[in-house]
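Structure assessment
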Amino acid sequence: EAKSAGYNQRRFYSEAHDRAVRERVTLFEELNSALEREEFELHYQPEIEWPSGRIIGVEALLRWNHPSRGLLGPGGFIPLAERTGLITPIGAWALANVCRQARLWRDLGICPPIVGVNVSAAQFFTASRFESDLARELDMRDLDPGTIEIELTESVLMQSSRGETTAIDRIRALGVRIAIDDFGTGYSSLEYLLTYRVNRIKIAQQFVRGLPHDPVSATIVRATIGLVQEFGCEMLAEGVETVGQLDFLVQAGCQSVQGFYFSRPVPAEEVTQLLRRGVIAPEDRASNTPR
Ligand code: C2E
Ligand code: MG
Ligand code: MG
Ligand code: MG
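Residues numbered from 1 in each chain as written. Chains lettered and ligands numbered in written order. Predicted model: local features only at pLDDT ≥ 70, side-chain atom pairs only at ≥ 80, totals over all residues. Heavy atoms only, no water.

Helix α11 (residues 243-252) packs onto helix α10 (residues 215-231) with a crossing angle of 35° between their chain directions and a minimal axis gap of 10 Å. Viewed along their axes, α10 and α11 form a crossing whose handedness is right-handed. For the pair α10 and α11, the contacting residues are A218, V221, R222 and I225 in the first and F248, L249 and A252 in the second. Residues that form the contact of α10 with α11 fall into these classes: 6 nonpolar, no polar and 1 charged. (Axes fitted to C-alpha atoms, helices over the stretch in contact; angles between N-to-C directions. Helix = DSSP H or I, 4+ residues; strand = E, 2+ residues; numbered from the N terminus. Left-handed = near helix turned anticlockwise from the far one by under 90°. Contact = heavy atoms within 4.5 Å. Nonpolar A, V, L, I, M, F, W, Y, C, P; charged D, E, K, R; others polar.)

Below is the structure:
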């Protein structure tokens, strides 16, 4: 009896496993055709200088309008895209669209100083294709390269080889901005901050979440702000949801913020409305209802 129970259990595991594999294969096939079916869209989240409320930038965040599952956030498909290499064409699509949108805003006279786009390590290191795509887009759209900010994670800095000219140096030489995303969550040495003169660091939401009361978060954030000031680097705090978090950050010396407190990531047309006004205050968070 014990034997057959074991057998049944094994069979159960293997059926569940088969199902999981089939689901992954389906998702892969769907993701593979999502580009040609034009199912991707970019939403944009404003970056605010406080207390002026001025919009100093926007960050592009990828969404997949899945035929049956609805709008999916990057968490649901970016890891698969990274594992399978699909991130390279998907990321190229995102980059091209961000540049197209930045040019549109410039033509309307409402382009924010910074238009940010996230780039995965897997995409960044694909045999210099990223760099040439970037240079071509800037050239084709006749964009001011200083408007575009590439958001990299600490893992990209770690994988870059020091001492030689790296992709990061070459991108900086194009005049494009580099930001370090989710700063503090990786394992990179502080030395990297000096090695690659990055323009900006984005303090991870993970540390902002505990503000103002959690003493560990408060210490980490204060120390990070002090460090970034020493380096003469720009900074922004991610994931600001409450006035308590905002007040703490501004008092600690970080006046650039991004988060649901001001606005969720919204479709291009909606962020265009915000950019026309140029400023945003929590009390007029037009589209800040949960979506
Ligand atoms: P990220 O670059 O750190 O982006 C910030 C994430 O935090 C976004 O999630 C945003 O919606 C969310 N967020 C912003 N403010 C708040 C807040 O106040 N509270 C909370 N709880 N969350 C907030 P999203 O859009 O799901 O993106 C997740 C990650 O996916 C991004 O993290 C980025 O690493 C990656 N990603 C997004 N778009 C792209 C892309 O085009 N290419 C690549 N390679 N990665 C992307
Ligand atoms: Mg980002
Ligand atoms: Mg981040
Ligand atoms: Mg991130």
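Quick look at the pattern of salt bridges now. This model, assessed by the stated rule, comprises 14 salt bridges. Between E137 and R136 there is a salt bridge whose closest N-O contact spans 3.7 Å. Between R177 and E149 there is a salt bridge whose closest N-O contact spans 3.1 Å. Taken together, the residues span a long stretch of sequence, with R177 in strand β6 (residues 177-183) and E149 in strand β5 (residues 148-152) at a distance of 28 residues. Looking at R177, the relative accessible area reads 10%, which means it is buried. Its relative accessible area of 0% is what places E149 among the buried residues. Overlapping salt bridges, with partners in common, bring together E47, E59, E149, E151, R177, R200, K202 and E234 in one network. (Salt bridge = Lys/Arg side-chain N within 4 Å of Asp/Glu carboxyl O. Buried < 20%, exposed > 50% of the residue type's maximum accessible area, 1.4 Å probe, protein only.)

Another point: the environment of T166. Its location among the elements puts T166 in the loop between α6 (154-159) and α7 (167-173). Separated by 30 residues in the primary sequence, T166 and Y196 place their C-alpha atoms 9.3 Å from one another. Setting aside chain neighbours within four positions, we find T166 in contact with S160, S161 and Y196.

All of the protein donors around the magnesium ion (ligand 2) are E59 (OE), N118 (OD1), E151 (OE) and D181 (OD); their distances to the metal are 2.0 to 2.3 Å. For the magnesium ion (ligand 2), the single-chain donor residues occur in sequence as E-x58-N-x32-E-x29-D. In this structure, the magnesium ion (ligand 2) is positioned 4.0 Å from the magnesium ion (ligand 3), and both are ligated by D181. Of this pair, E59 sits in strand β2 (residues 54-66) while E151 is found in strand β5, placing the two residues 92 residues apart along the sequence. For the pair E59 and E151, a shared accessibility class is recorded, and that class is buried. (Donors = N, O, S within 2.8 Å, 3.2 Å for Na, K, Ca; no water.)

Scored by pLDDT, the protein chain comes out at a mean of 90, with 93% of its residues at no less than 70. Interface confidence for the predicted complex, expressed as ipTM, amounts to 0.98; the pTM equals 0.92. (pLDDT = per-residue confidence, 0-100.)

Each pair of aromatic rings is reported with the distance of its centres and the angle of its planes. Tallied over the entire structure, the rule returns 9 aromatic pairs. Seen in terms of ring centroids, Y44 and W105 are 5.1 Å apart; in terms of plane orientation they differ by 75°. Their pairing is edge-to-face. Here the residue Y44 occupies a position in strand β1 (residues 40-49), and W105 occupies one in helix α3 (residues 87-108), the gap between them amounting to 61 residues. Here the aromatic rings of W50 and F262 are separated by 5.1 Å at their centres, their planes lie at 55°, and the arrangement is tilted. Taken together, the positions of W50 in the loop between β1 and β2 and F262 in the loop between β9 (256-257) and β10 (266-267) put the pair 212 residues apart, joining distant regions of the chain. Take W50: its relative accessible area is 19%, and that puts it in the buried class. Judged by its relative accessible area of 1%, F262 is buried. (Phe/Tyr/Trp six-rings, centres within 6.5 Å; stacked < 30°, edge-to-face > 60°.)

As a further point, take the site of ligand 1. Lining the immediate surroundings of ligand 1 are 23 residues, of which N118, S120, D181, E241 and F260 lie closest. With respect to ligand 1, the side chain of S120 contributes an N or O atom lying 2.8 Å from a nitrogen atom. The separation between an oxygen atom of ligand 1 and a polar side-chain atom of D181 is 2.7 Å. Protein chains shield 80% of the accessible area of ligand 1, which is 810 Å² for the free molecule. For the shell around ligand 1, the element with the highest residue contribution is β2, accounting for 4 residues. A breakdown of the residues in the shell around ligand 1 according to their chemical character gives 9 nonpolar, 7 polar and 7 charged. (Near = heavy atom within 4 Å. Polar contact = N/O pair within 3.5 Å; in protein donor to acceptor, adjacent residues only side chain to side chain. Areas by Shrake-Rupley, 256 points an atom, 1.4 Å probe, with all protein chains shown as cover.)

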